[in-house]
Amino acid sequence: MSIEKISDPRQVRHWPGHMEADYIYTHGIAGERFFKEIKENGRITGTRCKHCNLVYVPPRIYCERCFEKLEEWIDVGTKGTIQTFTVAYVDIDGSKLKQPTTYAMIKINGTNGGLLHKIGEANLKDVKIGMQVEAVFKPKEEREGSVNDIKHFKPVK
Amino acid sequence: MFGKKRVAIVGAGLTLFRRNLKETGKELCYEATKMALDSAGLTLKDIDSVAFGSAPDAFDGIHMKGENMIDSAGGWRKPFSRVFVGGGTGVFTANAGWWHVASGLFDTCLVVAEEKMSSCYPHPAHAFTTIFDPIMSRPLGTTLIWIFALEMHRYMHRHGIKKEQIALVSVKNKKNALDHPCAQLGANITVEDVLNSEIMCWPVQRLDISPTSDGAAALVLASEDVAKKITDNPVWIDGVGWCIDSTYWTNRDLYYPDYVEYAARMAYRMAGIKNPPKEIDVAEPYDPFDYKELHHMEGLLLCKKGEAPKLTEEGVTQRDGDLPINPSGGLLGVGNPIAAAGLMKVCEIFWQLRGEAGKRQVPGDPRTGVAQAWGDLMQYGSVIVLRR
């Protein structure tokens, strides 16, 4: 084989480039209603498939299993259970974060789905899989229809 | 037998896996493809079709890179198709090559997989950020490593697995890679080295992760009648399988890869395998992170759920153990140019079953092997069963 090992990247001739593309994403039909409920009412909602007896969070307009259209919207409350979590010490470039951040997969209680989010108002050593947490919303005037309208989830006292 | 024709692998090729190789992606494809053809004693004239695999365009930074690679993969004026299933692409490309020939459409098919991840500057982790849902996940600052960390933690929690047990996989695979002439990260390390390495996103540490790599791999496939004219030593593709789970990974329990089990069951049914741990002599499960080897051993039904760490501790998965796992050195040791890494695993099983794996050869005259890759958003499994 003719390929040599290059241990010094300076030996590699290269040109920096940019892919000139930007994107504007829509929330979608289900997403718009989901985020309006968060923004205006501080409510987390899901859609239910009565055929499969599943509650989707985040909500969808169709069931991926039976392919029925979903039209039953329900308020699923703001509490959930930590399924798993990680503590991020570095950012995407591998640089140390000033403050480690705890991210968790939170199963919303009484549903078949959940949300990824940060854990706040908790001591790191107390965060456990199986812990009950609840959503903390930003003040209404600061909400803009984003997943970050939920500030974080905090342990249920 | 499934398909109209039985399909054999008759040649394989692999480039060095390195970060920042001088060769372009096209040049890497050429090296691997030429080596595969040479090893089968064939030229491009003998090839009827090409199945090509490469992961996200964003790594190489060439949109529609399948088209860009056509000539270097031997596709000039031939039926050419690119398949893409994220990290599962490497093994799935071999599966696609199988149906090209098994269908009876073609007598021969080149299978080529390539990735040049170092083009993505400063780090390909940035290319991964756009795989996440733009509304639900990206605003949180999602990175690739912490979604793996979530899965690893769930797996550890469910079975009470310790970091020390998982680190043994990294130690084994980097050691195995010392015997691989293409390897990027062969090394003698200890469990303590892994546990003392930088914490990225707990429980994931620096030495739990495979590297960023450039590389390419290739196979030559032929139908039974043609293969027997080419070689006395064909390796048969006796089973293929693939399966995908829900994109909404917050709706699944991450402790077990159901989709790998479904893909494995499809391939085993085709190959007539009823007792995988007994009937499979050597395996190359996908190991971009050390815990993934264990996770995938369980999904491949090579052991019970939660049992893989114990087998690793007992030495069963060592190259000279009862069930050698990743004798190549895997992605942790050989490197991880995504699609090429998956196909490297199929190359390894091919060489192991032919007795051509050199210093990496597992003892006991292996006859049946399995390779597996995994990808998309922790939801996709591709599996291939090879027999001598």
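For the structure itself, consult the block above.
Cut-offs used in this document
Residues numbered from 1 in each chain as written. Chains lettered and ligands numbered in written order. Predicted model: local features only at pLDDT ≥ 70, side-chain atom pairs only at ≥ 80, totals over all residues. Heavy atoms only, no water. Helix = DSSP H or I, 4+ residues; strand = E, 2+ residues; numbered from the N terminus. Buried < 20%, exposed > 50% of the residue type's maximum accessible area, 1.4 Å probe, protein only. Contact = heavy atoms within 4.5 Å. Areas by Shrake-Rupley, 256 points an atom, 1.4 Å probe, with all protein chains shown as cover. Lys, Arg positive; Asp, Glu negative; His and termini not counted. Charge placed at Lys NZ, Arg CZ, Asp CG, Glu CD. Pairing = 2+ DSSP bridges. Axes fitted to C-alpha atoms, helices over the stretch in contact; angles between N-to-C directions. Polar contact = N/O pair within 3.5 Å; in protein donor to acceptor, adjacent residues only side chain to side chain. Buried area = accessible area lost by both parts, 1.4 Å probe. Salt bridge = Lys/Arg side-chain N within 4 Å of Asp/Glu carboxyl O. Parallel < 35°, antiparallel > 145°, perpendicular 65-115°, else oblique. Left-handed = near helix turned anticlockwise from the far one by under 90°. Nonpolar A, V, L, I, M, F, W, Y, C, P; charged D, E, K, R; others polar. Expected span 1.5 Å × (residues − 1). Phe/Tyr/Trp six-rings, centres within 6.5 Å; stacked < 30°, edge-to-face > 60°.

Caption draft 1: Spatial organisation of the overall build of chain B. In terms of helices and strands, chain B carries 15 helices and 11 strands. Expressed along its principal axes, the backbone C-alpha trace of chain B runs to roughly 50 × 45 × 40 Å. A burial count over chain B gives 66% of its 388 residues as buried. Pairs at least 24 residues apart make up 77% of the contacts formed inside chain B by residues separated by at least 6 positions. Accessible area of chain B: about 13100 Å², with a carbon and sulfur share of 52%. The averaged location of the 46 negative side-chain charges in chain B is 3 Å from the averaged location of its 42 positive side-chain charges.

Caption draft 2: Quick peek at the sheet that holds strand β2 (residues 54-56) of chain A. All names here are of chain A. The sheet built from 3 strands is open, its strands ordered β2-β1-β3 with antiparallel pairing. Every other strand in the sheet has two partners, leaving β2 and β3 (72-75) as the edge strands with one partner each. Averaged over all pairs of adjacent strands, the angle between their axes in this sheet comes to 40 degrees, without regard to strand direction. As paired elements, strand β1 (residues 45-49) and β3 share 4 bridges and run antiparallel to each other. Following the sheet pairing, Arg48 is matched in β3 by Glu72.

Caption draft 3: Broad picture of the environment of A:Ser146. Within the secondary structure, A:Ser146 sits in the loop between β7 (132-137) and β8 (150-155). Residue A:Ser146 is classed as buried on the basis of its relative accessible area, which comes to 16%. For the pair A:Ser146 and A:Gly31, spaced 115 residues apart in the sequence, the C-alpha separation amounts to 9.8 Å. Residues within four places of A:Ser146 in sequence aside, it is in contact with A:Phe35 and B:Pro139. A polar side-chain atom of A:Ser146 sits 2.8 Å from the main-chain amide nitrogen of A:Asn148.

Caption draft 4: Summary view of the side chain of B:Asp214. Residues and elements named next belong to chain B. As for its placement among the helices and strands, Asp214 is situated in strand β7 (residues 214-223). On the basis of relative accessible area, Asp214 is assigned to the buried category, the value being 0%. Only 3.4 Å separates the side chain of Asp214 from the backbone nitrogen of Asn20, close enough to count as a polar contact. Reaching out from Asp214, the side chain makes a polar contact with the backbone nitrogen of Leu21 at a distance of 3.0 Å. Residues contacting Asp214, with those up to four places away along its chain left out, are Leu16, Phe17, Arg18, Arg19, Asn20, Leu21, Leu28, Glu115, Lys116, Met117, Ser118 and Pro337.

Caption draft 5: Inspection of the interface of chain B and chain A at higher detail. Contact with chain B, which involves 45 residues of that partner, is made by 46 residues of chain A. Both faces considered, chain B and chain A share a buried interface measuring about 4100 Å² in area, 67% of it formed by carbon and sulfur atoms. Joining chain B to chain A, the criterion identifies 1 salt bridge. Put simply, A:Lys96 and B:Glu198 hold a salt bridge, and the shortest N to O gap is 3.5 Å. Along the contact surface separating chain B from chain A lie 15 residue pairs in polar contact (both at pLDDT 80 or more). Of all the elements in the fold, those that place two or more residues in the side of chain B that touches chain A are α1 (25-40), α5 (125-128), α6 (144-159) and β5 (199-202) of chain B. Looking at the side of chain B that touches chain A element by element, the count peaks at 6 residues for α6(B).

Caption draft 6: The arrangement of unusual backbone geometry in detail. In the segment running from A:Val57 into A:Pro58, the intervening peptide bond is cis, with an omega of -5 degrees. Along the chain, the position of A:Pro58 falls in the loop between β2 and β3. Look at the link from B:Tyr121 to B:Pro122: it is a cis peptide, with omega at 0 degrees. Of note, the phi angle at B:Arg77 is positive, near 55 degrees, even though the residue is not glycine. The residue B:Arg77 is located in the loop between α3 (65-69) and β3 (80-83) in this model. Relative accessible area serves as the criterion here: at 74%, B:Arg77 is assigned to the exposed category.

Caption draft 7: Structural view of the packing of α6(B) against helix α12 (residues 290-299) of chain B. Residue and element names in this part refer to chain B. Where α6 meets α12, the axes come as close as 10 Å, and the angle between the chain directions of the two elements is 55 degrees. Considered as vectors, α6 and α12 are oriented oblique to each other. Considering the relative orientation of α6 and α12, their crossing is left-handed. Across the interface between the two elements, Phe148, Glu151, Met152, Tyr155 and His159 of α6 pack against Asp290, Tyr291, Lys292, Leu294, His295 and Glu298 of α12. Here the contact of α6 with α12 is built from residues that sort into 5 nonpolar, 2 polar and 4 charged.

Caption draft 8: Expanded view of the pattern of salt bridges. Here the structure, examined in full by the defined rule, presents 31 salt bridges over all chains. Residue B:Arg6 pairs with B:Asp238 through a salt bridge whose shortest N-O separation is 3.3 Å. Of this pair, B:Arg6 sits in the segment before β1 (7-14) while B:Asp238 sits in strand β8 (residues 235-244), placing them 232 residues apart in sequence. Overall, the relative accessible area of 26% leaves B:Arg6 in the partly exposed class. Because the salt bridges share partners, they merge into one network encompassing A:Glu37, A:Arg43 and A:Asp75.

Caption draft 9: Quick look at α1(B). All names here are of chain B. With 16 residues, α1 should cover 22 Å at 1.5 Å per step; its first-to-last C-alpha distance of 23 Å lies within 8% of that length. Gly25, Leu28, Cys29, Glu31, Ala32, Thr33, Ala36, Leu37 and Ala40 are the residues of α1 that are buried. Two residues or fewer past α1, Gly41 is found with a positive phi of approximately 70 degrees.

Caption draft 10: Main features of the packing of aromatic side chains. One pass over the full model with this rule turns up 15 aromatic pairs over all chains. Relative to B:Trp146, the ring of A:Tyr103 has its centre 4.0 Å away and its plane inclined at 5 degrees; by these criteria the two rings are stacked. Taken together, the residues span two chains, with A:Tyr103 in strand β5 (residues 96-108) and B:Trp146 in helix α6. The class for B:Trp146 is buried, based on a relative accessible area of 2%.

Caption draft 11: Focus on the sheet that holds strand β4 (residues 108-116) of chain B. Residues and elements named next belong to chain B. Reading across from one edge, β3-β2-β4-β7-β1-β8-β11-β10-β9 is the order of the 9 strands in this open sheet, with mixed pairing throughout. Single-partner strands in this sheet number two, and they are β3 and β9 (282-284). In this sheet, adjacent strand axes meet at a mean angle of 25 degrees when their direction is disregarded. The strands that α1 touches are β1, β2 (49-53), β4 and β7; relative to β1, the one it contacts most, it runs at about 130 degrees.

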